[in-house]
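These are the residues of each chain, in order.
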Amino acid sequence: MNAPPHILVVDDHRDIRDALAKYLEKSGMRASTAANAVAMDAALKAGRFDLIVLDVMMPGEDGLSVCRRLRAGGSIPILMLTALGDETDRIVGLELGADDYLAKPFNPRELLARIKAILRRSEQTPVEGGALAGRKLAFDRWVLDTDCRALTGEDGAEVALTTAEFRLLTAFLERPRFVLSRSQLLDLTSGRAAQVFDRTIDNQISRLRRKIERDPAKPALIATVWGGGYSLAADVREVPR
(Lines give C-alpha, C1' and ligand atoms only; values in the text may rest on other atoms or scores of the structure.)
Protein backbone atom coordinates (compact mmCIF):
# COMPACT_ATOMS: atom_id res chain seq x y z
CA MET A 1 0.00 0.00 0.00
CA ASN A 2 1.41 3.39 -0.99
CA ALA A 3 2.02 5.94 1.75
CA PRO A 4 -0.07 9.10 1.52
CA PRO A 5 1.74 12.07 -0.03
CA HIS A 6 3.56 14.30 2.45
CA ILE A 7 2.98 18.03 1.91
CA LEU A 8 5.06 20.82 3.46
CA VAL A 9 3.10 24.06 3.97
CA VAL A 10 5.38 27.12 4.22
CA ASP A 11 3.54 30.29 5.28
CA ASP A 12 4.29 32.89 7.94
CA HIS A 13 0.59 33.18 8.90
CA ARG A 14 -0.02 30.53 11.53
CA ASP A 15 -3.79 30.47 11.04
CA ILE A 16 -3.40 29.77 7.31
CA ARG A 17 -0.72 27.09 7.55
CA ASP A 18 -2.35 25.24 10.46
CA ALA A 19 -5.81 25.32 8.87
CA LEU A 20 -4.41 24.16 5.55
CA ALA A 21 -2.41 21.34 7.15
CA LYS A 22 -5.52 20.17 9.01
CA TYR A 23 -7.58 20.23 5.80
CA LEU A 24 -4.96 18.23 3.88
CA GLU A 25 -4.79 15.63 6.63
CA LYS A 26 -8.60 15.32 6.63
CA SER A 27 -8.31 14.75 2.87
CA GLY A 28 -6.01 11.76 3.32
CA MET A 29 -2.59 13.40 3.07
CA ARG A 30 0.19 13.97 5.55
CA ALA A 31 1.08 17.59 6.25
CA SER A 32 3.87 19.45 8.03
CA THR A 33 4.27 23.19 8.44
CA ALA A 34 7.03 25.80 8.46
CA ALA A 35 6.75 29.49 9.28
CA ASN A 36 9.66 30.67 7.14
CA ALA A 37 12.55 29.60 4.93
CA VAL A 38 14.78 28.67 7.87
CA ALA A 39 12.13 26.34 9.31
CA MET A 40 11.49 24.93 5.81
CA ASP A 41 15.19 24.08 5.35
CA ALA A 42 15.20 22.29 8.71
CA ALA A 43 12.09 20.31 7.75
CA LEU A 44 13.59 19.31 4.39
CA LYS A 45 16.74 18.04 6.11
CA ALA A 46 14.70 16.04 8.61
CA GLY A 47 12.23 14.36 6.25
CA ARG A 48 11.06 13.67 2.71
CA PHE A 49 8.23 15.62 1.11
CA ASP A 50 6.26 15.10 -2.09
CA LEU A 51 5.26 18.75 -2.62
CA ILE A 52 5.76 22.19 -1.08
CA VAL A 53 3.00 24.78 -0.78
CA LEU A 54 5.02 28.00 -0.66
CA ASP A 55 3.81 31.51 0.19
CA VAL A 56 5.43 34.34 -1.78
CA MET A 57 5.24 37.04 0.90
CA MET A 58 7.28 35.93 3.92
CA PRO A 59 9.64 37.79 6.26
CA GLY A 60 13.31 37.07 5.73
CA GLU A 61 13.87 35.08 2.55
CA ASP A 62 10.74 35.46 0.43
CA GLY A 63 8.99 32.72 -1.53
CA LEU A 64 10.43 33.70 -4.92
CA SER A 65 13.99 33.46 -3.59
CA VAL A 66 13.16 30.13 -1.93
CA CYS A 67 11.69 28.80 -5.19
CA ARG A 68 14.82 29.81 -7.13
CA ARG A 69 17.04 28.10 -4.55
CA LEU A 70 14.98 24.90 -4.45
CA ARG A 71 14.93 24.66 -8.23
CA ALA A 72 18.71 25.07 -8.44
CA GLY A 73 19.18 22.02 -6.26
CA GLY A 74 16.29 19.69 -7.00
CA SER A 75 12.94 19.03 -8.62
CA ILE A 76 10.45 18.78 -5.73
CA PRO A 77 7.05 20.09 -6.94
CA ILE A 78 6.18 23.61 -5.76
CA LEU A 79 2.76 25.27 -5.60
CA MET A 80 3.04 28.98 -4.85
CA LEU A 81 0.51 31.11 -2.99
CA THR A 82 0.40 34.71 -4.21
CA ALA A 83 -1.46 37.87 -3.23
CA LEU A 84 -4.74 38.37 -5.07
CA GLY A 85 -4.19 40.14 -8.38
CA ASP A 86 -0.39 40.18 -8.12
CA GLU A 87 0.24 38.98 -11.65
CA THR A 88 3.96 39.80 -11.54
CA ASP A 89 4.64 37.41 -8.67
CA ARG A 90 2.73 34.65 -10.45
CA ILE A 91 4.67 35.07 -13.70
CA VAL A 92 8.03 35.31 -11.94
CA GLY A 93 7.19 32.27 -9.82
CA LEU A 94 6.44 30.19 -12.90
CA GLU A 95 9.60 31.41 -14.61
CA LEU A 96 11.61 30.37 -11.56
CA GLY A 97 10.20 26.86 -11.78
CA ALA A 98 7.01 26.72 -9.70
CA ASP A 99 4.64 24.01 -10.95
CA ASP A 100 1.49 26.02 -10.26
CA TYR A 101 0.19 29.01 -8.33
CA LEU A 102 -2.97 30.01 -6.50
CA ALA A 103 -4.05 33.50 -5.42
CA LYS A 104 -5.11 34.26 -1.85
CA PRO A 105 -7.78 34.01 -0.60
CA PHE A 106 -8.38 30.56 -2.06
CA ASN A 107 -10.87 27.74 -1.77
CA PRO A 108 -9.18 24.80 0.03
CA ARG A 109 -10.91 22.40 -2.36
CA GLU A 110 -9.27 24.12 -5.34
CA LEU A 111 -5.88 23.98 -3.63
CA LEU A 112 -6.36 20.26 -2.96
CA ALA A 113 -7.34 19.67 -6.60
CA ARG A 114 -4.23 21.50 -7.82
CA ILE A 115 -1.99 19.55 -5.45
CA LYS A 116 -3.45 16.26 -6.69
CA ALA A 117 -2.98 17.34 -10.32
CA ILE A 118 0.69 18.21 -9.72
CA LEU A 119 1.29 14.91 -7.93
CA ARG A 120 -0.35 12.98 -10.78
CA ARG A 121 1.89 14.72 -13.30
CA SER A 122 5.01 13.98 -11.28
CA GLU A 123 4.07 10.28 -11.12
CA GLN A 124 3.24 9.95 -14.84
CA THR A 125 6.81 10.23 -16.06
CA PRO A 126 8.68 8.22 -18.65
CA VAL A 127 11.61 5.92 -17.95
CA GLU A 128 14.75 7.98 -17.26
CA GLY A 129 16.77 8.53 -20.42
CA GLY A 130 14.20 6.86 -22.70
CA ALA A 131 15.80 5.29 -25.78
CA LEU A 132 19.13 6.89 -24.81
CA ALA A 133 19.45 4.99 -21.52
CA GLY A 134 22.95 3.61 -21.00
CA ARG A 135 24.56 5.78 -23.69
CA LYS A 136 27.12 8.59 -23.65
CA LEU A 137 26.35 11.44 -26.05
CA ALA A 138 28.33 14.44 -27.26
CA PHE A 139 26.73 17.65 -28.56
CA ASP A 140 28.17 21.12 -29.03
CA ARG A 141 30.73 21.40 -26.20
CA TRP A 142 28.92 19.00 -23.85
CA VAL A 143 28.90 15.26 -23.08
CA LEU A 144 25.93 13.64 -21.34
CA ASP A 145 26.30 10.24 -19.68
CA THR A 146 22.72 9.01 -19.40
CA ASP A 147 23.72 6.18 -17.05
CA CYS A 148 24.80 8.49 -14.24
CA ARG A 149 22.94 11.55 -15.55
CA ALA A 150 26.22 13.51 -15.67
CA LEU A 151 26.56 16.52 -17.97
CA THR A 152 30.21 17.49 -18.50
CA GLY A 153 31.58 20.57 -20.26
CA GLU A 154 34.68 20.84 -22.42
CA ASP A 155 36.60 22.07 -19.36
CA GLY A 156 35.79 18.83 -17.54
CA ALA A 157 33.45 20.51 -15.05
CA GLU A 158 30.20 18.71 -14.31
CA VAL A 159 26.89 20.59 -14.36
CA ALA A 160 24.11 19.35 -12.09
CA LEU A 161 20.77 18.62 -13.78
CA THR A 162 17.43 18.30 -12.07
CA THR A 163 15.21 15.38 -13.08
CA ALA A 164 13.05 17.67 -15.22
CA GLU A 165 16.08 19.19 -16.96
CA PHE A 166 17.56 15.75 -17.65
CA ARG A 167 14.32 14.51 -19.22
CA LEU A 168 14.04 17.64 -21.33
CA LEU A 169 17.63 17.42 -22.53
CA THR A 170 17.34 13.73 -23.48
CA ALA A 171 14.14 14.50 -25.42
CA PHE A 172 16.14 16.99 -27.51
CA LEU A 173 19.17 14.70 -27.88
CA GLU A 174 16.94 11.94 -29.21
CA ARG A 175 15.62 14.32 -31.89
CA PRO A 176 18.38 16.81 -32.83
CA ARG A 177 17.38 19.61 -35.23
CA PHE A 178 13.76 18.48 -35.04
CA VAL A 179 11.16 21.06 -34.00
CA LEU A 180 9.25 19.91 -30.92
CA SER A 181 6.08 21.71 -29.85
CA ARG A 182 5.32 22.46 -26.20
CA SER A 183 2.64 19.77 -26.28
CA GLN A 184 5.11 17.19 -27.61
CA LEU A 185 7.72 18.13 -25.03
CA LEU A 186 5.18 17.81 -22.22
CA ASP A 187 4.17 14.37 -23.49
CA LEU A 188 7.82 13.28 -23.78
CA THR A 189 8.96 14.60 -20.40
CA SER A 190 5.91 14.56 -18.15
CA GLY A 191 3.41 12.22 -19.74
CA ARG A 192 0.70 14.86 -20.01
CA ALA A 193 -0.88 17.06 -22.65
CA ALA A 194 -0.39 20.82 -22.79
CA GLN A 195 -3.04 23.08 -21.33
CA VAL A 196 -3.95 26.56 -22.51
CA PHE A 197 -1.30 29.07 -21.38
CA ASP A 198 0.79 26.24 -19.89
CA ARG A 199 4.21 27.72 -19.04
CA THR A 200 5.82 24.54 -17.67
CA ILE A 201 7.98 23.80 -20.71
CA ASP A 202 8.95 27.44 -21.21
CA ASN A 203 10.15 27.58 -17.60
CA GLN A 204 12.14 24.36 -17.94
CA ILE A 205 13.69 25.54 -21.22
CA SER A 206 14.75 28.79 -19.53
CA ARG A 207 16.44 26.92 -16.66
CA LEU A 208 18.20 24.47 -19.01
CA ARG A 209 19.43 27.33 -21.21
CA ARG A 210 21.03 29.00 -18.19
CA LYS A 211 23.11 25.86 -17.73
CA ILE A 212 24.18 24.96 -21.28
CA GLU A 213 24.07 28.12 -23.42
CA ARG A 214 27.16 30.32 -23.84
CA ASP A 215 24.83 33.32 -23.55
CA PRO A 216 21.39 32.40 -22.13
CA ALA A 217 20.10 35.84 -23.16
CA LYS A 218 20.87 34.94 -26.79
CA PRO A 219 20.26 31.18 -26.92
CA ALA A 220 21.79 29.39 -29.90
CA LEU A 221 21.84 25.76 -28.76
CA ILE A 222 18.16 25.37 -27.88
CA ALA A 223 16.53 27.48 -30.56
CA THR A 224 13.05 28.96 -30.32
CA VAL A 225 10.98 28.28 -33.42
CA TRP A 226 8.29 30.94 -33.40
CA GLY A 227 4.85 29.41 -33.70
CA GLY A 228 6.38 25.94 -33.57
CA GLY A 229 8.24 25.23 -30.38
CA TYR A 230 11.90 24.47 -29.71
CA SER A 231 14.73 22.64 -31.46
CA LEU A 232 18.22 21.45 -30.52
CA ALA A 233 20.49 23.25 -33.02
CA ALA A 234 23.38 20.81 -32.78
CA ASP A 235 24.45 17.43 -34.07
CA VAL A 236 24.58 14.53 -31.62
CA ARG A 237 27.07 11.67 -31.68
CA GLU A 238 27.65 8.71 -29.41
CA VAL A 239 30.89 8.60 -27.45
CA PRO A 240 32.54 5.25 -26.70
CA ARG A 241 32.80 4.34 -23.04
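Residues numbered from 1 in each chain as written. Predicted model: local features only at pLDDT ≥ 70, side-chain atom pairs only at ≥ 80, totals over all residues. Heavy atoms only, no water.

Visitor: Just to check I follow, could you spell out the sheet that holds strand β1 (residues 6-10) for this structure?
Guide: By way of backbone hydrogen bonds, the strands of a sheet pair with one another, either parallel or antiparallel. As summarised here, the arrangement of the five strands in space is β2-β1-β3-β4-β5, forming an open sheet in which the pairing is parallel. Across the chains shown, the open sheet's two edge strands, defined by having one partner strand only, are β2 (30-34) and β5 (100-104). The mean angle between the axes of side-by-side strands here comes to 20°, regardless of whether they run parallel or antiparallel. Running at roughly 170° to β2, helix α1 (residues 14-26) makes contact with β1, β2, β3 (51-55) and β5 of the sheet. Packed onto the sheet, helix α2 (residues 37-46) meets β1, β2 and β3 and runs at close to 165° relative to β1. (Pairing = 2+ DSSP bridges. Helix = DSSP H or I, 4+ residues; strand = E, 2+ residues; numbered from the N terminus. Axes fitted to C-alpha atoms, helices over the stretch in contact; angles between N-to-C directions. Contact = heavy atoms within 4.5 Å.)

Visitor: Any chance you could explain the pairing of strand β6 (residues 136-139) here in plain terms?
Guide: Successive side chains on a regular strand alternate, one facing one side of the sheet and the next facing the other. By the bridge criterion, four bridges tie β6 to strand β7 (residues 142-145) in an arrangement that is antiparallel. For Ala 138, the partnering residue across the bridge sits in β7 and is Val 143. Between β6 and the antiparallel strand that follows it, β7, lie two residues; Asp 140 among them carries a positive phi value of about 50°. Relative to strand β12 (residues 236-238), β6 runs antiparallel, the two being bridged by three bridges.

Visitor: Help me understand the nonpolar core in this model?
Guide: When a protein is soluble and globular, its nonpolar side chains tend to lie buried together. Counting residues in each nonpolar core, the largest one holds 25 residues, and the members touching the most others are Phe 139, Leu 144, Leu 151, Leu 169, Phe 172 and Leu 185. Of all elements in the fold, only β6, β7, α6 (163-174), α7 (182-190), α8 (200-212) and β11 (229-232) reach the threshold of two or more residues within this core. The contacts of Leu 151, once residues within four sequence positions are left out, are Phe 139, Trp 142, Val 143, Leu 144, Ala 157, Glu 158, Val 159, Leu 161, Leu 169 and Ile 212. Leu 8, Val 10, Leu 54 and Met 58 belong to the second-largest nonpolar core, a separate cluster that totals 20 residues. (Core = buried A, V, L, I, M, F, W, Y, C linked by side-chain atoms within 4.5 Å. Buried < 20%, exposed > 50% of the residue type's maximum accessible area, 1.4 Å probe, protein only.)

Visitor: Mind showing me how you'd approach the side chain of Glu 165 here?
Guide: Tracing the sequence through the fold places Glu 165 in helix α6. Not counting the four nearest positions on each side in its chain, Glu 165 is found in contact with Ala 160, Arg 207, Leu 208 and Lys 211.

Visitor: Hey, could you run me through the sheet that holds β7 in this one?
Guide: With antiparallel pairing, five strands are arranged side by side in an open sheet as β9-β8-β7-β6-β12. Sheet topology places β9 (158-159) and β12 at the edges, where each strand pairs with a single neighbour. Running at roughly 110° to β7, α6 makes contact with β6, β7, β8 (150-153) and β12 of the sheet.

Visitor: Could you clarify how one ought to interpret the side chain of Glu 213 in this entry?
Guide: Relative to the helices and strands, Glu 213 resides in the loop between α8 and β10 (222-225). No salt bridge is formed by the buried Glu 213; the nearest opposite charge belongs to Arg 209, separated by 4.4 Å. Engagement of the side chain of Glu 213 in a polar contact is seen with the backbone nitrogen of Ala 220, the distance being 2.9 Å. (Lys, Arg positive; Asp, Glu negative; His and termini not counted. Salt bridge = Lys/Arg side-chain N within 4 Å of Asp/Glu carboxyl O. Polar contact = N/O pair within 3.5 Å; in protein donor to acceptor, adjacent residues only side chain to side chain.)

Visitor: I tried to follow unusual backbone geometry on my own but got confused; where do I start?
Guide: Across the chain, the bulk of peptide bonds are trans and the bulk of non-glycine residues have phi less than zero. Omega for the bond connecting Lys 104 with Pro 105 falls within 30 degrees of zero, at -10°, which places this linkage in the cis form. By the element assignment, Pro 105 lies in the loop between β5 and α5 (108-123). Backbone geometry places Arg 149, a non-glycine residue, at a positive phi of 60°. With respect to the helices and strands, the residue Arg 149 is situated in the loop between β7 and β8. Here the phi dihedral of Arg 177 falls at roughly 65°; this positive angle occurs in a residue that is not glycine. Tracing the backbone shows Arg 177 in the loop between α6 and α7.

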